[in-house]
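Letter by letter, the chains look like this.
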Amino acid sequence: MGESISEATILNWLKNVGDTVLEDETILEVATDKVDSEVPSPCDGVIAEIRCQPNEVIEVGKVIAVIHADKDLAMRKSKSKELDSEISLDKKHEKASLPLGEKSGGQRGQFKLQGSSTNNAFLSPLVISIAQKENLTIEEVQSIPGTGADGRIRKSDVMQYLKNRKYPLPSRPQVQTSKLSYNAPPISFVEGKDRIVEMDRMRGMIADHMVYSKHTSPHVTSYIEVDVTNIVNWRNKVKQKFQDMHGEKLTFTPIFVEAVAKAIKEYPMINVSVDDKKIVVHKDINVGMATALPSGNLIVPVVRNADEKNLLGLAKNVNHLANSARNNALKPDEIGGSTFTISNVGTFGSLMGTPIINQPEVAILALGIIKKRPEVITTDKGDEIAIRSMMYLSLSFDHRVVDGFLGGSFLRKVGDELEAFDINREI
């Protein structure tokens, strides 16, 4: 599961005791933090025992199932199941709009689709389960472009399709009485106009994480304004050359990560966590980058040991994490273990932000949009008005362990690093 992952939650078993499995065939889904992962079978064989059930939190290294390795038996049973599945699906094609939920006997094995986009396209039990729940027809599933190996339709493909699919209006929700002494005001619902959208699992976890953070840490936010003209001019001058030389795009993010890492080295008490009445000071400087996913949810991939990387190393790391996030390809160990987080709210046009601390960290930095405007600057000739590229930085910090002096000094150090950027820096 990755170096930083110590436990995972079992979401769903896709196979039962007695089922045959082939090597690398998905047998269950697990969740770590915000990432769901499919776990493949390590060999051909038959599931002999399942020791852990869905929703159980399991430590990495614990045995969760036993497979009797028997390649010949697995292959014979697998071919037999494929043949039965093909016959079953051939019969169902006689009804053009028959939903997957009406499959005979509720069979949940892998099904080979006839007439699909590829000759060997399979639907995994997880995809079938989603299709049944959403009442998708066979034709709809066949029409979804598969991004998996050999055109296989993955969970992410179905979820992306469902995101753009029109749903019938949900029924009016029942009003539940709050258990708190304060009753929350009722939410109005206009039949025929309003609609209800269920939170997906990731959005629910984000919601819980944010509420926990606000409940745990007394948030204070400080702001400074920074002149980043040198950075903007330097990047505009070298970005094409940088990409030609190294094959990597040069964005502002690695420059910001570099400045944060330098400031943390000078103020290490900003790189800590709180454990009851103890402060855990982290030696590694692992900078998380709040990143938007295609689904609209937020995830925080991590640049590990940011202080040990040069600008090229940071650019490669940042680009890899950003691309993996956009393609839903982040690995579990790429989103855990951050000790400080940055959030570029300027990407969405925001002037500044008041970010919520990413627990168990004690501070988070928001980067506002870079805007050109006239500023008074001091030169050898005296004060002058010049067009400068300006941005706001805002630092939210946990006032239990970070006071105004530390928070303000750290924030000012980040700003100084950005303003002191060398316009003649080599790439």
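Thresholds applied
- The residue numbering used here restarts from 1 in each chain and proceeds along that chain's sequence as written.
- Totals for whole chains, interfaces and linings use all residues, but because this is a predicted model, local features are given only for residues with pLDDT of at least 70 and pairs of side-chain atoms are given and counted only at 80 or more.
- Calculated side-chain values reflect all of the structure's heavy atoms, with hydrogen atoms and water omitted.
- Each helix is a run of H or I in the DSSP string that is no shorter than four residues. Each strand is a run of E no shorter than two, and both are numbered from the N terminus.
- Buried residues are those whose accessible area, probed at 1.4 Å on protein chains only, stays under 20% of the maximum for their type, while exposed residues exceed 50% and partly exposed ones sit between those limits.
- Per-residue and other accessible areas were derived by the Shrake-Rupley procedure at a 1.4 Å probe size, with only the shown protein chains allowed to occlude residues.
- Stacked, tilted and edge-to-face are the three classes applied to pairs of Phe, Tyr and Trp rings, where Trp contributes its six-membered ring and a pair requires centres within 6.5 Å; stacked means planes under 30 degrees apart, edge-to-face means over 60, and tilted covers the rest.
- Our definition puts a charge over a ring when NZ of Lys or CZ of Arg is within 6 Å of the ring centre and also within 35 degrees of the ring normal.
- For this document, the term salt bridge refers to a Lys or Arg side-chain nitrogen within 4 Å of an Asp or Glu carboxyl oxygen.
- Here a strand pair is declared whenever DSSP counts at least two bridges between the two strands.
- In this description, a line fitted to the C-alpha atoms serves as the axis of each element, helices being fitted only across the stretch in contact, and the angle between N-to-C directions of two axes falls anywhere from 0 to 180 degrees.
- Comment on the angle field: the value is read as roughly parallel under 35 degrees, roughly antiparallel over 145, roughly perpendicular from 65 to 115, and oblique elsewhere.
- Note on convention: the crossing is left-handed when the near helix lies turned anticlockwise from the far helix by less than a right angle, right-handed when the turn is clockwise.
- Contacts between residues were defined by any pair of non-hydrogen atoms, one from each residue, lying within 4.5 Å.
- Each residue is assigned to one of three groups, with Ala, Val, Leu, Ile, Met, Phe, Trp, Tyr, Cys and Pro labelled nonpolar, Asp, Glu, Lys and Arg labelled charged, and all others, Gly among them, labelled polar.
- Here a helix's expected span is defined as the number of its residues, less one, multiplied by 1.5 Å.
- In this analysis, a patch consists of residues with relative accessible area above 30% that form no salt bridge, clustered at 9 Å for like charges and at 5 Å for the nonpolar side chains Val, Leu, Ile, Met, Phe, Trp and Tyr.
- Positive charges come from Lys and Arg alone, negative charges from Asp and Glu alone, with His and the N- and C-terminal ends not counted.
- pLDDT gives the predictor's per-residue confidence on a scale running from 0 to 100.

(A) Region of interest: the overall build of the chain. Within the chain, the regular secondary structure consists of nine helices and 20 strands. Residues classed as buried in the chain amount to 40% of the 427 residues present. A total accessible area of about 24000 Å² is found for the chain, and carbon and sulfur atoms account for 50% of it.

(B) A look at the packing of aromatic side chains. If you walk through the whole model with that rule in mind, you get three aromatic pairs. The aromatic ring of Phe252 is capped on one face by Arg235, whose charged end is 4.6 Å from the ring centroid.

(C) Representation of the pattern of salt bridges. Within the structure shown, the criterion is met by twelve salt bridges. In this structure, Glu49 engages Arg51 in a salt bridge whose closest nitrogen and oxygen atoms are separated by 3.2 Å. According to the relative accessible area criterion, Glu49 is partly exposed, its value standing at 34%. The residue Arg425 makes a salt bridge to Glu258 at a minimum N-O spacing of 2.8 Å. Of the two residues, Arg425 is situated in the segment after α9 (404–419) and Glu258 in helix α7 (residues 253–266); the sequence distance between them amounts to 167 residues. Take Arg425: its relative accessible area is 26%, and that puts it in the partly exposed class. Residues joined by salt bridges that share partners form a network here, namely Glu225, Arg373 and Glu375.

(D) Geometry of the sheet that holds strand β5 (residues 45–50). Spatially, the three strands line up as an open sheet ordered β2-β5-β7, and their pairing is antiparallel. Looking along the sheet, the strands with just one partner apiece sit at the ends: β2 (20–21) and β7 (65–69). Two strands pair when backbone bridges link them, and β5 and β7 are joined in this way by five bridges, in the antiparallel orientation. When the bridges of β7 are listed, Ile50 appears paired with Ala65.

(E) View of the packing of α7 against helix α8 (residues 311–326). Close contact between α7 and α8 brings their axes to 9 Å; oriented N to C, the two are set at 120 degrees. Judged by the inter-axis angle, α7 sits oblique to α8. Considering how the two elements wind past one another, α7 and α8 form a crossing that is right-handed. For the pair α7 and α8, the contacting residues are Thr253, Pro254, Ile255, Val257 and Glu258 in the first and Leu311, Leu314, Ala315 and Val318 in the second. Classifying every residue of the contact of α7 with α8 by side-chain character gives seven nonpolar, one polar and one charged.

(F) Region of interest: the sheet that holds strand β4 (residues 35–40). Pairing within the open sheet is antiparallel, and its four strands lie in the order β4-β3-β1-β6. The open sheet has two edge strands, β4 and β6 (57–59), and neither has a second partner. When strand polarity is set aside, the average angle formed by the axes of neighbouring strands in this sheet is 40 degrees.

(G) Broad picture of α7. Between its first and last C-alpha, α7 extends 20 Å over 14 residues, near the 20 Å set by a 1.5 Å rise per residue. Most of α7 sits inside the fold, with eleven of its 14 residues counted as buried.

(H) Region of the structure containing the packing of α7 against α9. Contact geometry for α7 and α9: axes closest at 9 Å, N-to-C directions at 135 degrees. Taken together, the axis directions place α7 and α9 in an arrangement best described as oblique. The hand of the α7/α9 crossing is right-handed. Where α7 approaches α9, its residues Ile255, Phe256, Ala259, Val260, Lys262, Ala263, Ile264 and Glu266 are matched on the opposing element by Phe410, Lys413, Val414, Glu417 and Leu418. Within the contact of α7 with α9, the residues separate by chemical class into nine nonpolar, no polar and four charged.

(I) Representation of a nonpolar patch on the surface. Residues Tyr223, Leu351 and Met352 make up a contiguous nonpolar surface patch of about 260 Å² in total accessible area. Relative to the helices and strands, Leu351 resides in the loop between β17 (340–343) and β18 (363–367).

(J) Representation of the side chain of Asn286. Inspection of the secondary structure assignment puts Asn286 in the loop between β12 (278–281) and β13 (287–289). Overall, the relative accessible area of 7% leaves Asn286 in the buried class. Not counting chain neighbours up to four residues away, the residues in contact with Asn286 comprise Val302, Val303, Arg304, Asn305, Gly337, Ser338, Thr339 and Phe340.

(K) Local environment of the side chain of Arg235. Here Arg235 is to be found in helix α6 (residues 229–246). Within the buried core, Arg235 has no salt-bridge partner, and the shortest N-O distance to an opposite charge, that of Glu248, equals 12 Å.

(L) Here's a closer look at the confidence of the model for the chain. With 80% of its residues at a pLDDT of 70 or more, the chain shows a mean pLDDT of 83. Low pLDDT, under 50, characterises residues 91–121; the predicted model gives this stretch 66 contacts beyond four residues in sequence or across chains.

(M) Geometry of unusual backbone geometry. Look at the link from Gln359 to Pro360: it is a cis peptide, with omega at 10 degrees. Relative to the helices and strands, Pro360 resides in the loop between β17 and β18. Its identity is not glycine, yet Asn55 carries a phi of approximately 80 degrees, on the positive side. The phi dihedral of Asp276 is positive, around 60 degrees, even though this residue is not glycine. Topologically, Asp276 is positioned in the loop between β11 (272–275) and β12. With a relative accessible area of 66%, Asp276 lands in the exposed category.

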